[in-house]
Amino acid sequence: MTDNEKSLIEKLRAVYSETTTEHILCPHNDRAVPESDGYSCFKSSCGETMKIWLKLDSDRVIRHTGFWTNGCAATIACGSMATELAKGSLVTDALSIDARAIADALVDFPEGNFHCAGLAEQALRTALINCLEISREPWKKMYRK
Ligand SMILES: [Zn+2]
């Protein structure tokens, strides 16, 4: 590890919990999921964007999740945690994952970054709603790029 990396990690640890720091340095599910059953690209009012991909198994359980964001470090942690929390849930149950649940799972999440958890909530919810739309109208999946 270089001195630069060490000082970056120290700076993150001074602001964020151990859990949040881990999700910033090593985000989970930070990739696109091919042939997803639900997708969103959500832009927050402060200009950060988050994309979320969801892939279901035959029982409508969320099996694979992915996210991308151009947001700040806290937003990366929130995308990582939101996609972790959704994994293994039914689409309808995952609709209850809100900003508070994401922030609480990240442990001692700074209130000043709560809008980052809000962005992850909105991106996840939009992708879940897209899953429900596609299950009603499967042809919608064919026209998505
Ligand atoms: Zn942010």
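Rules used in this analysis
Residues numbered from 1 in each chain as written. Predicted model: local features only at pLDDT ≥ 70, side-chain atom pairs only at ≥ 80, totals over all residues. Pairing = 2+ DSSP bridges. Helix = DSSP H or I, 4+ residues; strand = E, 2+ residues; numbered from the N terminus. Axes fitted to C-alpha atoms, helices over the stretch in contact; angles between N-to-C directions. Contact = placed C-beta atoms within 7 Å. Buried ≥ 20, exposed ≤ 12 C-beta atoms within 10 Å, placed from the backbone.

**Regarding the sheet that holds strand 1 (residues 38-43)**
On the basis of which strands lie adjacent, the open sheet formed by three strands has the order 1-2-3 and antiparallel pairing. Bordering the open sheet on either side are strand 1 and strand 3 (62-69), each of which pairs with just one other strand. Strand-to-strand twist across the sheet, computed as the mean angle between neighbouring axes with direction ignored, equals 10°. Strands in contact with helix 6 (residues 114-136) are strand 1 and strand 2 (49-56); relative to strand 1, the strand with the most contacts, it is inclined by about 145°.

**Quick notes on the pairing of strand 2**
Bridge count for strand 1 against strand 2 is six bridges, and the pairing is antiparallel. Of the residues in strand 2, the one forming a bridge with Lys43 is Thr49. Pairing of strand 2 with strand 3 involves seven bridges; the strand directions are antiparallel. If you follow Trp53 over to strand 3, its bridge partner there is Gly66. Hairpin connection, strand 2 to strand 3: the antiparallel pair is bridged by five residues, and Arg60 has positive phi, about 70°.

**What to know about the environment of Cys26**
With respect to the helices and strands, Cys26 occurs in the loop between helix 2 (18-25) and strand 1. Along the sequence, Cys26 and Ala77 sit 51 residues apart, while their C-alpha atoms lie 8.9 Å from each other.

**Notes on the environment of Glu111**
Assignment of secondary structure puts Glu111 in the loop between helix 5 (99-105) and helix 6. Owing to 7 C-beta atoms within 10 Å, Glu111 belongs among the exposed residues under this scheme. For the pair formed by Glu111 and Leu124, sequence separation is 13 residues and the distance between their alpha carbons is 20 Å.

**Some points on unusual backbone geometry**
Of note in the backbone geometry, Val107 takes a positive phi value of approximately 65° without being a glycine. On the secondary structure map, Val107 appears in the loop between helix 5 and helix 6. The exposure class assigned to Val107 is exposed, which follows from the 12 C-beta atoms found within 10 Å. Of note in this structure, Asp108 is not a glycine but carries a positive phi near 50°. In this structure, Asp108 sits in the loop between helix 5 and helix 6. A residue is classified by how many C-beta atoms lie within 10 Å of it, and Asp108, with 11 of them, is exposed.

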